[in-house]
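Chains, contacts and geometry: an overview
Given next are the chains, with one letter for each unit.
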Amino acid sequence: VELFEGVVSEILGDGLLVFWNTPTDVDDHPAKACAAILAQQQALVALNEHLANLSLPQLSIRLGLHTGKVLAGNIGSESKMKFGCIGDPINLASRLEGLAKYYGVSALISGATKSMLPAGEFAVRKLDLVQVKGKREPTWVYELMGGGAES
C-alpha cells in the first residue's frame, strides 16, 4: 500500500482500512490503489507457494475499493486522537469487500473508481448493479482482474 502512496490507517481484525489522497494529494490515486491491490495479489501467490512448501494452508484475500469524498482529519479526544477518515465511501468499500466473497472474486471496485481509471491501464469485468445495505442508490461493481498489459 505504502509503495503506491497509500496510508494504512487501521488494522481491523483480519482486515485493513487504507486510503489515498489524504492527508496529502496523490495524483492518479484510483490507479495507484488498483495497482496496490494487484501487487498484494501477486505477493500472495509467492507467499502461498512458500506456505505450500511448508505443508501449511493457503491464504486468500478479498479487497473492496471505492472512490469518494470523506471527512479526513484528527478524530478523537484530547486523551486519544488519531488521523483517519469517516464517511459513506468508507462504508461502501467495506461492503464491496464483503461482496467479493459472494461473487467469488478477490477484488471488487465500484463504478466510481472504474470511471476514474486511465483507459486501458487495468482489466476489469463488469459484474452487477447492486444496492448495498445503507445506500439508496445502486452501485455498479467490477472485478479488478489485472493490469492492462496483463490482459
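Residues numbered from 1 in each chain as written. Predicted model: local features only at pLDDT ≥ 70, side-chain atom pairs only at ≥ 80, totals over all residues. Heavy atoms only, no water.

**Regarding the overall build of the chain**
Helix and strand counts for the chain stand at three helices and eight strands. Whereas a compact globule of 151 residues would reach a radius of gyration of roughly 15 Å, the chain reaches 16 Å, a difference of no more than 12%. When the backbone C-alpha atoms are referred to their principal axes, the chain occupies close to 50 × 35 × 30 Å. Counting all 151 residues of the chain, 33% fall into the buried class. (Helix = DSSP H or I, 4+ residues; strand = E, 2+ residues; numbered from the N terminus. Rg over C-alpha atoms; globule rule 2.2 N^0.38 Å. Buried < 20%, exposed > 50% of the residue type's maximum accessible area, 1.4 Å probe, protein only.)

**Points about the packing of aromatic side chains**
Taken as a whole, this structure holds two aromatic pairs when the rule is applied. Over the aromatic face of Trp-140 sits the side chain of Lys-126, whose NZ or CZ is 4.1 Å from the ring centroid. (Phe/Tyr/Trp six-rings, centres within 6.5 Å; stacked < 30°, edge-to-face > 60°. Lys NZ or Arg CZ within 6 Å of the ring centre and 35° of its normal.)

**Some details on helix 1 (residues 29-53)**
With 25 residues, helix 1 ought to run about 36 Å at 1.5 Å a step, and its terminal C-alpha atoms sit 36 Å apart, in line with that. If you check which residues of helix 1 are buried, you get His-29, Pro-30, Ala-31, Ala-33, Cys-34, Ala-36, Ile-37, Leu-38, Gln-41, Leu-44, Asn-48 and Leu-51. In the core, the buried residues of helix 1 are packed alongside strand 3 (63-65), strand 6 (107-110), helix 3 (111-115), strand 7 (122-130) and strand 8 (139-147). (Expected span 1.5 Å × (residues − 1). Contact = heavy atoms within 4.5 Å.)

**Structural notes on the state of the cysteines**
Taken as a whole and assessed by the stated rule, the structure comprises zero disulfides. Looking at Cys-34, it has no disulfide partner, and the nearest cysteine sulfur is the one in Cys-85, 17 Å off. A residue is classified by how much of its surface remains accessible, and Cys-85, at 7% relative accessible area, is buried. (Disulfide = S-S within 2.5 Å.)

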